[in-house]
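Structural description and commentary
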4 protein chains.
Amino acid sequence: MTDFFKDISPLRYDPQSDGLAFRHYNPDEVVMGKRMEDHLRFAVAYWHSFAWPGDDPFGGQTFERPWFGNTMDLAKMKADVAFEMFDLLNVPFFCWHDADIRPEGDSFAESKRNFEEMVDYLSEKMESSKTKLLWGTANLFSNRRFMAGAATNPDPDIFAWSAATVKNCMDATHKMGGQNYVLWGGREGYETLLNTDLKRERQQAGRLLQMAVEYKHKIGFKGAILVEPKPQEPTKHQYDFDVATVYGFLKEFGLESEVQMNIEQGHAILAGHSFEHELALASALGIFGSIDMNRNDYQSGWDTDQFPNNVPEVALAYYEVLKAGGFTTGGTNFDAKLRRQSLDPVDLIAGHAGAMDVCARGFKAAAAMLEDGTLEAMRSERYAGWDTPKGQALLKSDLATIAAQVEADAINPQPRSGRQEILENIVNRFV
Amino acid sequence: MTDFFKDISPLRYDPQSDGLAFRHYNPDEVVMGKRMEDHLRFAVAYWHSFAWPGDDPFGGQTFERPWFGNTMDLAKMKADVAFEMFDLLNVPFFCWHDADIRPEGDSFAESKRNFEEMVDYLSEKMESSKTKLLWGTANLFSNRRFMAGAATNPDPDIFAWSAATVKNCMDATHKMGGQNYVLWGGREGYETLLNTDLKRERQQAGRLLQMAVEYKHKIGFKGAILVEPKPQEPTKHQYDFDVATVYGFLKEFGLESEVQMNIEQGHAILAGHSFEHELALASALGIFGSIDMNRNDYQSGWDTDQFPNNVPEVALAYYEVLKAGGFTTGGTNFDAKLRRQSLDPVDLIAGHAGAMDVCARGFKAAAAMLEDGTLEAMRSERYAGWDTPKGQALLKSDLATIAAQVEADAINPQPRSGRQEILENIVNRFV
Amino acid sequence: MTDFFKDISPLRYDPQSDGLAFRHYNPDEVVMGKRMEDHLRFAVAYWHSFAWPGDDPFGGQTFERPWFGNTMDLAKMKADVAFEMFDLLNVPFFCWHDADIRPEGDSFAESKRNFEEMVDYLSEKMESSKTKLLWGTANLFSNRRFMAGAATNPDPDIFAWSAATVKNCMDATHKMGGQNYVLWGGREGYETLLNTDLKRERQQAGRLLQMAVEYKHKIGFKGAILVEPKPQEPTKHQYDFDVATVYGFLKEFGLESEVQMNIEQGHAILAGHSFEHELALASALGIFGSIDMNRNDYQSGWDTDQFPNNVPEVALAYYEVLKAGGFTTGGTNFDAKLRRQSLDPVDLIAGHAGAMDVCARGFKAAAAMLEDGTLEAMRSERYAGWDTPKGQALLKSDLATIAAQVEADAINPQPRSGRQEILENIVNRFV
Amino acid sequence: MTDFFKDISPLRYDPQSDGLAFRHYNPDEVVMGKRMEDHLRFAVAYWHSFAWPGDDPFGGQTFERPWFGNTMDLAKMKADVAFEMFDLLNVPFFCWHDADIRPEGDSFAESKRNFEEMVDYLSEKMESSKTKLLWGTANLFSNRRFMAGAATNPDPDIFAWSAATVKNCMDATHKMGGQNYVLWGGREGYETLLNTDLKRERQQAGRLLQMAVEYKHKIGFKGAILVEPKPQEPTKHQYDFDVATVYGFLKEFGLESEVQMNIEQGHAILAGHSFEHELALASALGIFGSIDMNRNDYQSGWDTDQFPNNVPEVALAYYEVLKAGGFTTGGTNFDAKLRRQSLDPVDLIAGHAGAMDVCARGFKAAAAMLEDGTLEAMRSERYAGWDTPKGQALLKSDLATIAAQVEADAINPQPRSGRQEILENIVNRFV
């Protein structure tokens with residue numbers, strides 16, 4: 001046991017508490033026939049909580065963590081603290097990048113050795129913990145070699161390095177029983193079109209994704225392959241802009257039935273969408289997978305990765321998750337970082353605990369709205385004309401036939417109220 | 001002859017002029033083996049120039065045009081003035097919505113009769129004018145019946161009305177020798193997910209687009225079917241968000257080889273993209289068609305539809321157009337409106353003339369950059385590694401093989417400068 | 001009695017209702033020693049609810065109201081319906097522009113006569129209604145004469161017209177017992193600097209505001225003069241950008257103790273601020289007055305003027321209002337419009353009722369947070385060093401003295417946690 | 001001599017060059033009666049060019065500079081390279097933060113000793129160089145002690161540390177003959193209102209600024225004190241949002257005749273303003289000082305600090321500078337960083353050289369527009385009514401008098417065209 005969280009006890013469900021406890025999240029509470037823990041499938045992100053130093057573009061490290069440094073011993077101390085936090089929070093899952101859990105080596109081979117040793121170390125810790133791996137992923141953006149992209153790099157050697165890294169990360173995810181493998185295209189984008197061959201880079205990215213899918217089948221990994229869209233930052237333009245963009249990309253490379261989406265609220269906002277839009281669209285396209293439940297400040301133009309704290313927003317998101325059938329391999333990952341002024345161990349616990357409570361409240365509200373049924377009944381009623389034989393026939397008709405009919409029938413369709421305020425009032429009965 | 005432009009003479013090419021003349025646009029100047037008029041293919045938009053009253057959300061009509069009103073006589077006066085302007089500007093093309101050119105009738109049938117009479121009237125005018133039809137389109141957004149969408153309306157009757165309207169507009173476009181037919185999804189989007197069945201609406205929109213393609217083939221229309229993306233406004237979320245989104249949509253409905261893009265600078269900006277990005281992407285995906293060359297104020301969150309006035313920006317756009325092979329059926333449409341304070345006839349002429357000059361300057365700069373070849377040589381050099389046998393083989397390999405090779409070769413790829421500032425300096429030699 | 005709201009009964013406080021009732025707003029409930037009605041001071045905006053036709057930049061009128069038109073009889077029918085709605089909602093206040101309540105005449109004099117007759121008509125209605133006037137204001141932006149500004153117009157005659165209109169509106173407000181008089185600078189801004197003399201226009205605006213203050217004192221109007229900031233739209237740049245900007249303007253013209261702010265959430269958002277920021281700043285500067293409680297879609301770049309529906313956001317706003325001492329002459333105006341698809345009378349009632357409930361919930365949460373005291377205690381503790389004699393002395397010292405002391409004491413101050421997540425969790429206990 | 005720029009020769013003015021040369025910037029060319037060097041007063045920013053490692057929020061150092069490290073020897077090598085670049089570029093000025101030029105010490109005293117030694121070292125280098133100091137400033141944002149602000153910190157000791165640092169930086173600026181002293185409020189803002197006492201922090205900031213002004217007079221520093229506005233980033237809300245905000249702040253603390261503005265294009269854009277707006281406003285308010293000529297990507301929500309490359313934009317900015325009377329103590333500072341992929345020494349030279357050429361072109365265009373006089377004549381004509389006795393009298397009148405006159409005269413003012421497109425066309429004749 002490290003003493004990092006020395007004054008903090010495991011958090012319990014205590015609705016009356018005004019201290020460190022869950023006031024809304026009761027993992028064993030059954031909602032719509034399933035335990036909340038099994039619905040929500042919370043995961044802690046290793047990187048923000050344990051690897052990020054608190055820097056920003058105008059200032060350096062603010063956090064002072066005893067495990068900061070680039071040695072195997074420190075990496076193990078970091079892992080020890082991480083599992084202590086997982087236990088305090090009683091979370092069922094965590095997520096990692098390779099670069100979060102192992103020290104960088106001087107060569108590919110050394111980094112790989114470090115990585116494999118840490119995978120073993122973490123696997124051992126997982127044996128005595130309830131916390132499992134939601135997903136692993138490769139960090140193909142921090143090191144300067146990736147500055148012009150990983151799969152989309154103009155240098156084939158960097159594509160090769162990236163592909164090899166993905167292979168190792170997929171192996172480790174598989175070994176650790178991970179439920180998914182994620183690709184976020186950190187530097188897969190461009191700064192200026194003037195030096196960019198957009199078509200080539202698109203082909204390179206498509207090919208790497210195909211290779212990852214092929215490799216998944218080869219090694220028998222049963223988890224899902226997830227792509228995480230983001231519109232910009234770090235690059236001026238990221239190729240995986242949003243769900244609709246990635247869908248077109250998957251169709252182009254024949255991957256739409258092999259790959260699903262890991263959708264982040266913050267990235268949705270940066271793309272000009274609501275979170276629920278991205279979720280509903282992924283569901284409509286059959287590619288919904290998992291979520292990163294961390295908000296962006298609507299008024300800051302960079303990725304603020306804050307813990308969720310607005311219950312009504314969260315409720316609308318889980319409403320779409322539930323309508324999509326809920327999570328299968330996916331879950332609720334907090335890709336959230338403390339504000340850089342939140343220096344203390346207790347801030348780390350409180351940030352996660354508050355987020356879990358906000359999610360629990362939002363989720364229960366979403367479930368209640370769905371069980372109540374009013375919203376869905378009003379939606380169905382609005383489109384009822386399309387369920388009639390006439391409505392169905394229309395979609396199978398053609399312009400000339402329809403035009404003749406419109407004139408023959410002298411139709412004069414009148415608009416009906418969209419009832420937006422009434423629907424918003426109904427939502428407010430539940431949140 | 002009306003007397004609307006009574007004091008204004010036809011504009012001539014006169015590089016030294018400080019009055020109403022073209023200082024840069026010489027239609028007969030040959031650039032890269034083709035006359036500029038044939039490269040640029042300018043078009044005037046009927047709606048902004050002749051139908052828009054100058055209102056905005058906080059104020060009503062500012063323009064006082066003698067043809068404003070809803071009678072056939074006024075519609076014909078409007079057409080007369082329009083062709084007088086086309087002549088003054090010597091533009092080869094114009095574009096219309098049905099609602100721009102005909103008075104609204106009390107029924108579908110009456111509107112159609114009005115429309116057909118005006119199509120004949122315009123066709124007659126075209127016989128004695130050089131100005132041809134670049135494209136026609138249907139206004140499926142202004143009338144209150146479309147408030148909840150046209151193809152995507154919850155009411156099948158409105159789908160039918162819309163389909164019938166598209167049929168009539170395609171017929172008219174075909175009859176008038178139009179080079180393209182455009183669909184812009186004005187109200188094809190939503191205000192709130194709470195009352196929206198996104199999946200259904202997507203199917204409806206896809207089906208209407210398929211019907212339009214089927215009808216094109218049925219009537220032997222040889223022009224292109226173009227979709228015009230826009231991310232939002234009037235709706236909170238428009239389905240045709242941007243080029244990448246529409247590409248996914250076309251793939252879903254099997255239309256990617258039947259439909260091309262009409263890309264507007266202003267809409268690109270509202271979607272968070274540069275214009276050149278959208279052009280390059282459409283070209284990479286094989287769906288580039290035509291452009292609306294009207295800028296948006298980068299700092300206003302609504303569609304400002306201003307005439308282009310920044311030559312360097314325009315040059316980068318035409319550079320992508322030229323790299324895509326230039327226009328075939330497409331052209332340069334000014335979907336631009338005067339500022340609502342620009343009340344006078346001379347403002348209408350000056351707005352277009354200035355825009356044509358800006359385009360001519362930008363186009364000539366783009367052609368010079370392409371003929372110079374430095375930019376393309378630097379781009380090719382940057383990706384040269386991919387053209388080697390080793391680079392080509394890499395794309396056909398697999399993760400395990402690549403990973404083994406990376407370790408065996410102990411590669412350690414080093415980043416190379418992206419040379420953005422140098423490339424920007426090169427561009428500035430031409431603009 | 002008109003029959004516009006014929007099927008709708010007056011709304012009652014009924015926490016269990018799932019129909020048209022107040023579930024949270026109980027006007028007589030005492031919070032922090034005062035009735036909620038007296039705290040919140042709700043007002044209905046005449047313009048959005050009764051004068052706006054439902055148009056937007058891409059489409060015309062959607063609402064069909066029997067009182068639409070430009071006659072005195074219709075204006076009186078509109079007034080009758082308005083007071084019927086005030087009664088149904090039991091609101092204590094309403095607000096108007098001159099142009100909302102009277103038909104436009106053919107001349108200044110005729111408009112004035114219409115206005116005065118309607119002021120009398122409304123005054124009479126007020127006698128039998130609980131609903132009083134929160135504020136009046138002049139519409140100096142809709143008519144084309146104001147297209148280049150009112151006070152800031154390049155034409156002195158339009159300044160004169162505007163000044164005369166303000167005079168008449170102030171007279172009417174005074175006569176009707178209005179609690180405040182508001183100036184929103186609809187067209188007081190510019191489209192392009194190229195035709196604008198920013199310094200002149202600033203002087204003109206400053207002078208008109210001085211005249212309004214002088215006139216207030218002359219006629220003995222005891223209400224507050226309020227300025228309403230907005231950053232842009234309709235103009236590219238509005239002079240009254242935000243609270244900080246208006247404060248500088250007031251200081252320049254010596255008006256900072258004469259004029260207060262009417263702060264709108266939607267305008268705050270368009271300016272890149274949170275609503276609570278604008279409220280806190282106005283309070284810190286001693287110029288807080290009243291609020292427009294209508295949200296903007298964070299992702300739409302135009303003024304969406306939606307009814308509030310997010311309780312946590314509203315709670316943070318009322319927290320600042322309460323810290324500022326609550327409203328004196330000010331109140332909670334809904335400068336909110338129905339979505340243009342919300343066609344029915346019931347939508348108008350439901351929009352307001354839902355908003356009043358959201359405000360009531362937010363307000364009660366804010367009061368509870370303040371009474372609880374934890375947030376303020378933590379804030380005070382954070383700045384406690386400044387309350388010590390040493391802290392106080394520091395502000396009276398000088399650079400040289402301080403520098404000597406820093407070296408002499410060899411201070412090495414360490415950062416302390418800002419506790420943002422913990423504070424956000426505390427808020428979530430109340431909302 | 002270091003060998004960092006070993007293959008690069010001093011840049012010359014050579015209009016025909018397609019290599020590293022000035023194609024437009026000729027320091028000795030006389031424009032409007034003054035040498036261009038004396039008009040433009042270019043300055044290189046020490047921090048971006050020599051201290052920034054190329055990191056961003058998603059990746060670390062990309063630049064490999066032999067002087068990176070925290071020793072005095074490396075600091076001197078950095079200074080040597082800096083002056084070699086100043087010589088190659090022939091720039092008349094540079095700018096620094098204390099933290100750019102000296103290694104951080106273990107204590108305030110040690111940092112100060114390092115700083116003073118480096119000030120001497122730089123002063124010595126300046127003796128044999130043409131390059132002078134445009135301004136110095138204190139870095140009060142990078143170190144973790146400033147994470148919650150410098151002057152606005154809740155901890156008075158950090159205020160003291162900051163004040164002492166400002167004193168030392170002002171001393172050094174004075175000693176080095178600096179023309180201005182700048183304060184940019186890097187962390188003077190907040191992340192969340194929940195832990196912030198906005199009023200207190202405002203008082204603290206005002207007091208530090210007063211102290212700086214008092215100290216300037218005490219030591220006889222003749223340069224200007226400049227404040228640099230920025231709306232957000234690093235903090236969610238910066239107190240010095242924009243020019244209008246800072247003006248109100250200066251008025252509050254009685255500093256409007258003591259402090260001027262250093263206006264950055266990128267910050268203007270982030271605040272939702274055009275650069276020319278901020279310049280024109282500062283000029284109108286009498287607080288224009290100096291500029292940071294580095295653009296922001298209009299579509300990236302963070303500070304991109306790119307070299308200027310759009311001539312028309314730059315021309316409009318210098319037009320306002322010239323109208324304000326040109327620079328006195330101020331100048332054109334490039335607070336611009338290379339893109340992090342621009343690794344090579346030549347990129348550093350090319351970035352600056354290209355920017356200087358863009359500025360020269362823009363400046364010459366601005367001067368030509370001013371000398372041509374058409375724009376100003378049209379502006380004056382537009383406001384001519386205000387220069388008549390009647391217009392002047394109007395501003396001295398009062399509401400009642402004006403209202404009586406409006407009715408008596410039965411005025412009916414008609415709008416006149418704002419001529420925006422024509423004005424934009426005129427500008428395009430010069431850029």
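Residues numbered from 1 in each chain as written. Chains lettered and ligands numbered in written order. Predicted model: local features only at pLDDT ≥ 70, side-chain atom pairs only at ≥ 80, totals over all residues. Heavy atoms only, no water.

**Remarks on the packing of helix α5 (residues 108–127) of chain D against helix α6 (residues 156–175) of chain D**
Packed helices, taken two at a time, are described by their axes: the angle between them and the distance between them. Residues and elements named next belong to chain D. The condition that has to hold: A fitted line through C-alpha atoms serves as each axis, taken over the contacting stretch for helices, and the angle formed by two N-to-C directions is quoted from 0 to 180°. Each helix corresponds to a stretch of at least 4 residues labelled H or I by DSSP, and each strand to a stretch of at least 2 residues labelled E; elements are numbered beginning at the N terminus. Put simply, angles under 35 degrees are roughly parallel, angles over 145 are roughly antiparallel, angles from 65 to 115 are roughly perpendicular, and the rest are oblique. Crossings are assigned a handedness: left-handed for a near helix turned anticlockwise from the far helix by less than a right angle, right-handed for a clockwise turn. Residues count as neighbours in contact if any of their non-hydrogen atoms are within 4.5 Å of one another. Amino acid classes used here: Ala, Val, Leu, Ile, Met, Phe, Trp, Tyr, Cys and Pro are nonpolar; Asp, Glu, Lys and Arg are charged; the rest, including Gly, are polar.
Across the interface, α5 lies against α6 with an axial gap of 11 Å and an inter-helix angle of 15 degrees. The angle between α5 and α6 falls in the class roughly parallel. For the pair α5 and α6, the sense of crossing is right-handed. Residues Phe 108, Lys 112, Phe 115, Val 119 and Asp 120 of α5 form the contact with α6, whose own contacting residues are Trp 161, Ala 164, Thr 165, Asn 168, Cys 169, Ala 172 and Lys 175. A class-by-class count of the residues in the contact of α5 with α6 yields seven nonpolar, two polar and three charged.

**Remarks on the UniProt feature "binding site: Mg(2+) 1" (unreviewed entry) in chain A**
Residue and element names in this part refer to chain A. Put simply, the test is: UniProt positions are given in the numbering used here, feature names are shortened, and annotations may be inferred rather than shown by experiment. Exposure classes here rest on a 1.4 Å probe applied to the protein chains alone. A residue is buried below 20% of its type maximum, exposed above 50%, and partly exposed in between.
Annotation from UniProt places "binding site: Mg(2+) 1" (unreviewed entry) at Glu 228, Glu 264, Asp 292 and Asp 335. A maximum C-alpha distance of 11.7 Å among these annotated residues, which run over 108 residues, shows that they cluster at one spot. Among the secondary structure elements, Glu 228 is positioned in strand β8 (residues 224–228). Those residues in contact with Glu 228 that sit more than four places away from it in its chain are Val 182, Leu 183, Trp 184, Asp 240, Asn 262, Glu 264, His 267, Asp 292 and Asp 335. The topology assignment puts Asp 335 in the loop between β12 (332–334) and α12 (345–372). We classify Asp 335 as buried; its relative accessible area is 8%.

**Describing the side chain of Asn 262 of chain D**
Residues and elements named next belong to chain D. Just so we agree on the cut-off: Any N or O atom pair separated by 3.5 Å or less is treated as a polar contact, with the protein-specific requirement of one donor-capable and one acceptor-capable atom, and with residues adjacent in sequence counted only for side-chain atom pairs.
By the secondary structure assignment, Asn 262 is in strand β10 (residues 259–264). What makes Asn 262 buried here is its relative accessible area of 0%. Within the structure, Asn 262 has its side chain in polar contact with the backbone nitrogen of Ile 291 (distance 3.4 Å). Beyond its immediate stretch of four places on either side in the chain, Asn 262 contacts Trp 135, Leu 226, Val 227, Glu 228, Pro 229, Ser 290, Ile 291 and Asp 292.

**A closer look at the UniProt feature "binding site: Mg(2+) 2" (unreviewed entry) in chain A**
As annotated by UniProt and renumbered to match this structure, "binding site: Mg(2+) 2" (unreviewed entry) occupies Glu 264, His 267, Asp 303 and Asp 305 of chain A. These annotated residues cover 42 residues of sequence, but their C-alpha atoms sit close together, with the largest distance between any two at 10.6 Å. Residue position: His 267 of chain A is located in helix α9 (residues 265–270). Exposure remark for His 267 of chain A: the relative accessible area of 4% places this residue in the buried category. With near-sequence residues (within four places) excluded, His 267 of chain A lies in contact with Trp 184, Glu 228, Pro 229, Lys 230, Pro 231 and Asp 303 of chain A. Tracing the sequence through the fold places Asp 303 of chain A in the loop between β11 (288–292) and α11 (311–323). Ignoring sequence-local partners within four residues, the contact set of Asp 303 of chain A consists of Lys 230, Glu 233, Glu 264, His 267, Leu 270, Asn 296 and Lys 337 of chain A together with Phe 58 of chain D. Among the polar contacts made by the side chain of Asp 303 of chain A, one reaches the side chain of Lys 230 of chain A at a distance of 2.9 Å.

**Focus: the relation of the copies chain D and chain A**
Put simply, the test is: Residues below a pLDDT of 70 in either copy are left out; the C-alpha atoms of the rest, at least 70 in both, set the least-squares superposition of the copies.
When chain D is fitted onto chain A, the two copies agree to an RMSD of 0.0 Å after a turn of 180 degrees and an axial shift of 0.0 Å. Such values leave the two copies arranged in the relation of a two-fold axis. Residue Gly 301 of chain D of chain D places its C-alpha closer to the rotation axis than any other residue of that unit, at 1.8 Å. Mapped onto chain A, 100% of the interface residues of chain D again fall at the interface, so both copies present the same surface.

**Observations regarding the relation of the copies chain C and chain D**
Superposing chain C onto chain D takes a rotation of 180 degrees combined with a translation of 0.0 Å along the rotation axis, leaving an RMSD of 0.0 Å. Most of the interface of chain C is mirrored in chain D, where 100% of its interface residues are also at the interface.

**Remarks on the domain arrangement of chain A**
Heads up, the condition is: Domain limits in this description derive from either an automatic procedure or a database domain assignment.
When its domains are assigned, chain A resolves into domain 1 (30–372) and domain 2 (388–430). For domain 1 of chain A versus domain 2 of chain A, the distance between C-alpha centres works out to 41 Å.

**Topic: the sheet that holds strand β10 (residues 259–264) of chain C**
Residues and elements named next belong to chain C. Selection criterion: Between any two strands, pairing holds if DSSP finds at least two bridges.
Around the barrel, which closes on itself, the eight strands sit in the order β3-β4-β5-β6-β8-β10-β11-β12 with parallel pairing between neighbours. Here the average twist between neighbouring strands, direction ignored, is 30 degrees. Taken together, the three bridges between strand β5 (residues 132–137) and strand β6 (residues 180–184) define a ladder with parallel strand orientation. Bridge assignment links Gly 136 to a residue of β6, and that residue is Tyr 181. Each of β6, β8 (224–228) and β10 is contacted by helix α7 (residues 198–219), which is oriented at about 160 degrees to β8, the strand it contacts most.

**Concerning the nonpolar core**
All names here are of chain D. Put simply, the rule is: As used here, the term nonpolar core means buried Ala, Val, Leu, Ile, Met, Phe, Trp, Tyr and Cys residues forming a set that is joined through side-chain atoms within 4.5 Å.
Within the largest apolar cluster, 146 residues are counted, with the highest numbers of intra-cluster contacts made by Tyr 46, Phe 50, Trp 96 and Tyr 318. Of all the elements, helix α12 (residues 345–372) adds the most residues to this core, at 13 residues. Dropping the residues within four chain positions of it, Tyr 46 is found in contact with Ala 51, Lys 78, Ala 79, Ala 82, Phe 86, Phe 94, Cys 95, Trp 96, Asp 100, Ile 101 and Leu 122.

**What to know about the interface of chain D and chain A**
What counts, and what does not: Defined here as a combined quantity, buried area equals the accessible surface (1.4 Å probe) lost by two parts on assembly, summed across both. Should a side-chain nitrogen of Lys or Arg be within 4 Å of a carboxyl oxygen of Asp or Glu, the pair is scored as a salt bridge.
On the side of chain A, 31 residues touch chain D, which itself brings 31 residues to the contact. Together chain D and chain A conceal approximately 2,900 Å² of surface at their shared face, both sides included; 51% is due to carbon and sulfur atoms. Contact with chain A buries area across many residues of chain D, yet Phe 58, Arg 144 and Met 147 of chain D alone supply 27% of it, more than any other trio. As a salt-bridge pair, Glu 64 of chain D and Arg 144 of chain A come within 3.3 Å of each other at their nearest N and O atoms. The interface formed by chain D and chain A contains 20 residue pairs in polar contact (both at pLDDT 80 or more). Here the side of chain D that touches chain A is built from residues that sort into nine nonpolar, eleven polar and eleven charged.

**Side note on the packing of aromatic side chains**
We apply this condition: Only Phe, Tyr and Trp rings are paired, with Trp represented by its six-membered ring, and only when their centres lie within 6.5 Å; those with planes under 30 degrees apart are stacked, over 60 edge-to-face, the remainder tilted. Comment: the charge-over-ring label is applied if NZ (Lys) or CZ (Arg) is within 6 Å of the ring centre and within 35 degrees of the ring normal.
Taken as a whole, this structure holds 108 aromatic pairs over all chains when the rule is applied. Ring plane angle 80 degrees and centroid distance 4.9 Å describe the contact between Phe 4 of chain A and Phe 5 of chain A, whose orientation is recorded as edge-to-face. By relative accessible area, which is 13% here, Phe 4 of chain A ends up buried. Classification of Phe 5 of chain A by relative accessible area gives buried; the value is 6%. On the basis of an interplanar angle of 65 degrees and a centroid distance of 5.5 Å, the ring pair of Tyr 46 of chain C and Phe 50 of chain C is categorised as edge-to-face. Placement of both Tyr 46 of chain C and Phe 50 of chain C in helix α2 (residues 46–51) is noted, with a separation of four residues, approximately one turn of the helix. Classification of Tyr 46 of chain C as buried rests on a relative accessible area of 0%. In textbook terms, an aromatic cluster arises when at least three aromatic residues are bridged by ring pairs, as seen for Phe 4, Phe 5, Tyr 46, Phe 50, Trp 67, Phe 68, Phe 83, Phe 86 and Phe 94 of chain A. When the ring centre of Phe 63 of chain B is taken as origin, the NZ or CZ atom of Arg 65 of chain B, which lies over that ring, is 4.6 Å away. Arg 145 of chain D extends its terminal NZ or CZ atom over the ring of Phe 146 of chain D, reaching a point 5.6 Å from the ring centre.

**A look at helix α12 (residues 345–372) of chain B**
Residue and element names in this part refer to chain B. The cut-off we apply is this: Every helix has an expected span of 1.5 Å times one less than the residues it contains.
Over its 28 residues, α12 extends 41 Å from the first C-alpha to the last, a length consistent with the 40 Å expected when each residue adds 1.5 Å. Counting buried residues in α12 gives 20 out of 28 residues, a clear majority hidden from the surface. Looking one or two residues past α12, Gly 373 carries a phi angle of roughly 90 degrees, positive in sign.

**Regarding the interface of chain C and chain D**
Each partner contributes residues to the interface: chain C has 91 residues there, and chain D has 91 residues. For the pair chain C and chain D, the two sides together bury roughly 8,300 Å², of which 65% comes from carbon and sulfur. Of all residues in chain C, Leu 194, Tyr 383 and Leu 399 of chain C bury the most surface against chain D, accounting for 10% of the area lost on that side. The salt bridge partner of Lys 390 of chain C is Asp 157 of chain D, with a shortest N-O separation of 3.3 Å. Taken together, the links from chain C to chain D amount to 34 residue pairs in polar contact (both at pLDDT 80 or more). Counting residues per element, the side of chain C that touches chain D draws most heavily on α7 of chain C, which supplies twelve residues. Among the residues forming the side of chain C that touches chain D, the class breakdown is 46 nonpolar, 17 polar and 28 charged.

**Side note on the environment of Arg 35 of chain C**
All names here are of chain C. Examined against the element boundaries, Arg 35 turns out to sit in strand β2 (residues 34–35). Looking at Arg 35, the relative accessible area reads 25%, which means it is partly exposed. Residues within four places of Arg 35 in sequence aside, it is in contact with Pro 27, Asp 28, Glu 29 and Val 30.

**Side note on the pairing of strand β5 (residues 132–137) of chain D**
Residues and elements named next belong to chain D. In plain terms, the rule: A clockwise course of the path from the first strand over the helix to the second, judged with the strands pointing away from the viewer, identifies a crossover as right-handed.
With respect to burial, β5 is a largely interior element, five of its six residues being buried. Here strand β4 (residues 93–97) runs beside β5; their pairing, made up of five bridges, is parallel. Bridge pairing in β5 places Phe 94 opposite Leu 133. Where the polypeptide runs from β5 across α6 and back to strand β6 (residues 180–184), its parallel neighbour, the crossover connection is right-handed.

**Comments concerning the confidence of the model for chain A**
Predicted coordinates in regions of low pLDDT should not be interpreted in detail. Our working rule: Every residue is assigned a pLDDT by the predictor, reflecting its confidence on a scale from 0 to 100.
Averaged over all residues, the pLDDT of chain A equals 98, while 100% of them reach at least 70. In the model output, the complex is listed with pTM 0.98 alongside ipTM 0.97.

**A few points about the environment of Val 406 of chain A**
Mapped onto the fold, Val 406 of chain A is located in helix α15 (residues 399–409). Linking Val 406 of chain A and Asp 55 of chain A, residues 351 residues apart in sequence, is a C-alpha distance of 64 Å. Here Val 406 of chain A is in contact with Ile 411 of chain A together with Phe 108, Ala 160, Trp 161 and Ala 164 of chain B, once residues within four sequence places are set aside.

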